[in-house]
Amino acid sequence: MNHKIAAHLIMGMFVLNTVPMLAVAVKERPNIVVVITDDQGKNDLACLGNPIVKTPHLDAFHKDAVRFTNFHVSTTCAPSRSSLMTGRHCNRLNMFHTISGRSLMFEDEVTLPQVFARNGYVNGMFGKWHLGDNYPFRPMDRGFHEVVRHGGGGITQGPDYWGNDYFDDTYWHNGELEKYTGYCTDVFFAEALRFIEKNKDRPFFCYISSNAPHAPYNVPESYLNMYKDVPGLAERFQRFYGMITNIDDNFKRLTDKLDALNLTDNTILIFMTDNGTAGGNKVYDAGMKGSKGSEYEGGHRVPFFIRWADGRITGGKDMDHLVAHYDVLPTFVDLLGLDFEPVKPLDGISFKSLLTETDPAWPDRILYMDTQRLQNLVKYRKYTVMDKDWRLVNGRELYNTTEDLGQTQNVMDQFPEVGKRLAEGYEHWWKSFMDDGVNERFAYIKVGSPHENPSRISAHDMLTGKHGQTWHQIGAAVGAQGTGRWKIEFVEDGEYTISLRRFPRESGLAINDTFPAQKKTIEIDRILPASVKSDFTSAYLYVANINKSLKIQEGATEVTFTATVPAGKYDMEAQLIDSEKRVHPAYYVYIEKL
C-alpha cells in the first residue's frame, strides 16, 4: 500500500469506490451486521445452557448459524473492541485499560470500517464505542459515516452526557448532541434499523454495540418482571437477565427488518460479546472458571455465531478451533476479497477456511490474553497462554481445557514440557510489543482542530495511578480526590480558552453547587448520588506555557484561562483545590481555539 492511501485510511479520508469481488461468487457484495453485547458471557444464553435467561430469538439464530465454541476476546470491554476493529492485540494499541488515557486507540491504527469504506461500504455504528471520545479517536474519525453513541465505556460514566440513565437519554449523533426517547438498547437498535433501511440498496457495515447488560442494571419494568418470581434469583440478576431478554427482542426486530427488506440471505450476521460474564457465573458457570476480567476461561471465552446464507455459512454447525476477536478483520478481507494491505503486522489470521471448507487445515497456534488495567503494561500480570488444548495461566498453572474446561486440575508437574513451550511463546510475544516502545507511547487528544472545537475532555482520560471514581460522573458528584495528567496536542498556534469545571456545561451546575440524589424508581438500579458539599476555592492549570492558579468566584460554573499556545504536544494538569488544600481533578475541561 502506498503511503498516500495509508494516510487516507488512517485519517479517515475514504474513497467510496467499488472494487470487483474477488473471493465470493455472489451477485453483489454482502452486507455486514455485527451485534456485540457488553458483559454477557457464554453463561448468559439459553442456547448455551443457562436454565433461567430467556433468549428465544438468539437461540433460533444459534440453531441456524456456524458457532465457534473456542472463540476468545480480551477480558474487558475496550481492549476487546480495539482488537476487533484492527486485527491486532490490544497491548499494541494503547488499549490495555478502560480508563486513564489507556483506552484511546492510537490514531495510526487502521480500522475495520476504514477498510470497508475503501471497498465501497457505508458504515454505521450504534451504541458503545469506548475507543476514545475526542478527536481523533471518535468513531466518526475512524471510518464510520453514521454514528449514534453514548460516551465513555458506559452510560453514566464521565464522558457521557450528564444525567443519562438509560431512559430518554441524550447521545452524540454524528458529533452533535441529540435527545432520544426510549430505553437505550431500543434506541440503538432502532437507529441501526433506520440506517439499514436507508442504505438497503448499497453494501453496508452496521455495528450494533449495546452497552447492555453492563452495569448499572437499569431496565424497563416489563423485563424486570419476567424474572421477579424466579426462586432465589437476586435482584441484580433479575435486572441483568431482563436486559439480555430486551437485547434478544431487539435482535428479533433486526432479523425481521432484514427479512422485510429481502436482505437476509446476502447479509453476514454476527452475534458476539466483548468479554466474560459480569457475575452471571454465580447463577450458571457454563462449566468454566472465572468471569469478566479473569485470565481463566470464563473471562475471555465467549459466544461467536455467524450466518451468511448466500455464502453457505449456515446449518447449526459447531467449530471448536481456537480463534479470536483479532481474526475477524483478516477473515472479512479474505472472505470478501477486500482491497487491503496491512500498514502494521496483524495478530489475527483468516478463518475463512473454517467457514467454507469441509476439512480445513488449521494451525496449532498460540494465543495470548491478559488483564492489565494499569497505567503501563506490566509483564507477567494476570495472563493466559493458549493453544488448542492447553492453557498456561500466570506461568504457574497448566490445564488441558479439552478435558478440564473448568480448570480444576493443575497438571504442570505432569507436563512440564508443555508449560515450557507456552512460557517461551509468552516471552517472544511480550518482547514483540515492548520492542515497539508501547509503554513510552501515548495517545494525544487533539484540540484546536476544525474537526472538534471546543473539545469537551473528562477525567476519564486522565493518566493516573490513583483514579478513585474520578473517571465517573459519581466522582464529580462526590468530589473524589485524585491527580494526574492528560496528553494534549494543540494542532495550531493560536489563542485558546481552557475552562476547568466540576460539572459539564450541559448540567447547568456551578462548581460548588449541591443537588439531591437522582430519584430512584423500579427501573433505575443505580442512581447519581447527592452531590457532596465542597468548598472549592481555586483552580490550577499547567499546560504548555501556562502555569497559573485562579480564584473560584462565588457561583462560578467554570474557571477560564486564556493564553496564546504554540502548536505542540503537552502534558496537562488541571486541578480544583478546596479550602483544606486537597487536590481534585477538574472533572471536565473545555479547550477552545478562538
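The sections below set out a description of the structure shown in this document. The structure presented is a predicted model; accordingly, all values stated were derived computationally and were not measured. (Residues numbered from 1 in each chain as written. Predicted model: local features only at pLDDT ≥ 70, side-chain atom pairs only at ≥ 80, totals over all residues. Heavy atoms only, no water.)

### A closer look at the overall build of the protein
Here is step 1 of the chain: From N to C terminus, the protein includes 11 helices and 27 strands.
Here is step 2 of the chain: Relative to the globule expectation of 25 Å for 594 residues, the C-alpha radius of gyration of the protein, 24 Å, shows essentially globular dimensions.
Here is step 3 of the chain: The contacts of the protein with a sequence gap of at least 6 include a subset with a gap of at least 24, amounting to 70%.
Here is step 4 of the chain: If you sum the accessible surface of the protein, you get close to 21,800 Å²; carbon and sulfur atoms cover 49% of it.
Here is step 5 of the chain: Side chains of the protein give 66 positive and 76 negative charges; the mean places of these two sets differ by 2 Å. (Helix = DSSP H or I, 4+ residues; strand = E, 2+ residues; numbered from the N terminus. Rg over C-alpha atoms; globule rule 2.2 N^0.38 Å. Contact = heavy atoms within 4.5 Å. Areas by Shrake-Rupley, 256 points an atom, 1.4 Å probe, with all protein chains shown as cover. Lys, Arg positive; Asp, Glu negative; His and termini not counted. Charge placed at Lys NZ, Arg CZ, Asp CG, Glu CD.)

### A short note on the sheet that holds strand 19 (residues 455-458)
Here is step 1 of the chain: Read from one edge to the other, the open sheet built from 4 strands follows the order 19-27-21-24, with strand pairing classed as antiparallel. Whereas interior strands pair on both sides, the edge strands pair on one side only; in this sheet they are strand 19 and strand 24 (559-565). Each adjacent strand pair in this sheet contributes to an overall mean axis angle of 20°, direction not counted.
Here is step 2 of the chain: Inspection of the sheet shows strand 19 paired to strand 27 (residues 588-593) by 4 bridges, in the antiparallel sense. Of the residues in strand 27, the one forming a bridge with Arg-456 is Tyr-590. (Pairing = 2+ DSSP bridges. Axes fitted to C-alpha atoms, helices over the stretch in contact; angles between N-to-C directions.)

### Focus: the pattern of salt bridges
Here is step 1 of the chain: Scanning all chains against the criterion turns up 36 salt bridges.
Here is step 2 of the chain: With a shortest N-O distance of 2.3 Å, Arg-194 and Glu-191 are connected by a salt bridge. Here Glu-191 and Arg-194 lie together in helix 5 (residues 184-198), a separation of 3 residues that amounts to about one turn.
Here is step 3 of the chain: Owing to a relative accessible area of 12%, Glu-191 belongs among the buried residues under this scheme.
Here is step 4 of the chain: Two residues, Lys-379 and Glu-427, come together in a salt bridge whose shortest N-O distance is 2.6 Å. You can see Lys-379 sitting in the loop between strand 14 (367-370) and strand 15 (383-386) and its partner Glu-427 sitting in helix 10 (residues 416-434), a full 48 residues away along the chain.
Here is step 5 of the chain: A residue is classified by how much of its surface remains accessible, and Glu-427, at 32% relative accessible area, is partly exposed. (Salt bridge = Lys/Arg side-chain N within 4 Å of Asp/Glu carboxyl O. Buried < 20%, exposed > 50% of the residue type's maximum accessible area, 1.4 Å probe, protein only.)

### With respect to helix 7 (residues 235-260)
Here is step 1 of the chain: Between its terminal C-alpha atoms helix 7 stretches 37 Å, which fits the 38 Å expected from 26 residues at 1.5 Å a residue.
Here is step 2 of the chain: The first or second residue beyond helix 7 is Asn-262, which carries a positive phi of 60°. (Expected span 1.5 Å × (residues − 1).)

### With respect to the packing of helix 5 against helix 7
Here is step 1 of the chain: Running from N to C, helix 5 and helix 7 point in directions that differ by 10°, and their axes come no closer than 10 Å. When the axes of helix 5 and helix 7 are compared, the pair comes out roughly parallel. Counted together, Thr-185, Asp-186, Phe-189, Leu-193, Ile-196 and Glu-197 of helix 5 and Asn-246, Ile-247, Asn-250, Phe-251, Arg-253, Leu-254, Lys-257 and Leu-258 of helix 7 form the full contact between these two elements.
Here is step 2 of the chain: Looking at the contact of helix 5 with helix 7 residue by residue, the classes come out as 7 nonpolar, 3 polar and 4 charged. (Parallel < 35°, antiparallel > 145°, perpendicular 65-115°, else oblique. Nonpolar A, V, L, I, M, F, W, Y, C, P; charged D, E, K, R; others polar.)

### Here's the deal with the pairing of strand 17 (residues 397-400)
Here is step 1 of the chain: Alternating positions in strand 17 separate into two faces, Glu-397 and Tyr-399 on one and Leu-398 and Asn-400 on the other, with burial throughout.
Here is step 2 of the chain: Taken together, the 4 bridges between strand 16 (residues 390-393) and strand 17 define a ladder with antiparallel strand orientation. Looking across to strand 17, one finds that Val-393 is bridged to Glu-397.
Here is step 3 of the chain: What sits between the antiparallel neighbours strand 16 and strand 17 is a turn of 3 residues, in which Asn-394 has the positive phi angle 55°.

### What to know about the environment of Pro-139
Here is step 1 of the chain: In this structure, Pro-139 sits in the loop between strand 4 (122-127) and strand 5 (146-149).
Here is step 2 of the chain: When the C-alpha positions of Pro-139 and Lys-128 are compared, they lie 10.0 Å apart, and in sequence the two are 11 residues distant.
Here is step 3 of the chain: Residues in contact with Pro-139, not counting those within four places in the same chain, are Met-125, Trp-129, Phe-144, Val-147 and Arg-149.

### Let's talk about unusual backbone geometry
Here is step 1 of the chain: A cis amide bond, omega 0°, links Ala-212 with the succeeding residue Pro-213.
Here is step 2 of the chain: For Pro-213, the location among the structural elements is in the loop between strand 8 (204-209) and helix 6 (221-225).
Here is step 3 of the chain: Of note, the amide linkage connecting Asn-453 to Pro-454 takes the cis form, showing an omega dihedral of 5°.
Here is step 4 of the chain: Assignment of secondary structure puts Pro-454 in the loop between strand 18 (445-447) and strand 19.

### Concerning the sheet that holds strand 5
Strand pairing in a sheet relies on backbone hydrogen bonds, with the paired strands running either antiparallel or parallel.
Here is step 1 of the chain: An order of 7-6-5-4-8-1-9-11-2-12 is seen for the 10 strands of this open sheet, with the pairing classed as mixed. With one partner strand each, in any of the chains shown, strand 7 (176-179) and strand 12 (317-319) form the two edges of the open sheet. Averaged over all pairs of adjacent strands, the angle between their axes in this sheet comes to 15°, without regard to strand direction.
Here is step 2 of the chain: Bridge analysis of strand 9 (residues 267-273) against strand 11 (residues 304-307) gives 4 bridges, and the strand direction is antiparallel. Within strand 11, the residue paired with Ile-270 across the bridge is Ile-306.
Here is step 3 of the chain: Sitting on the sheet, helix 2 (residues 56-64) is in contact with strand 2 (66-68), strand 9 and strand 11, with an inclination near 65° to strand 11.

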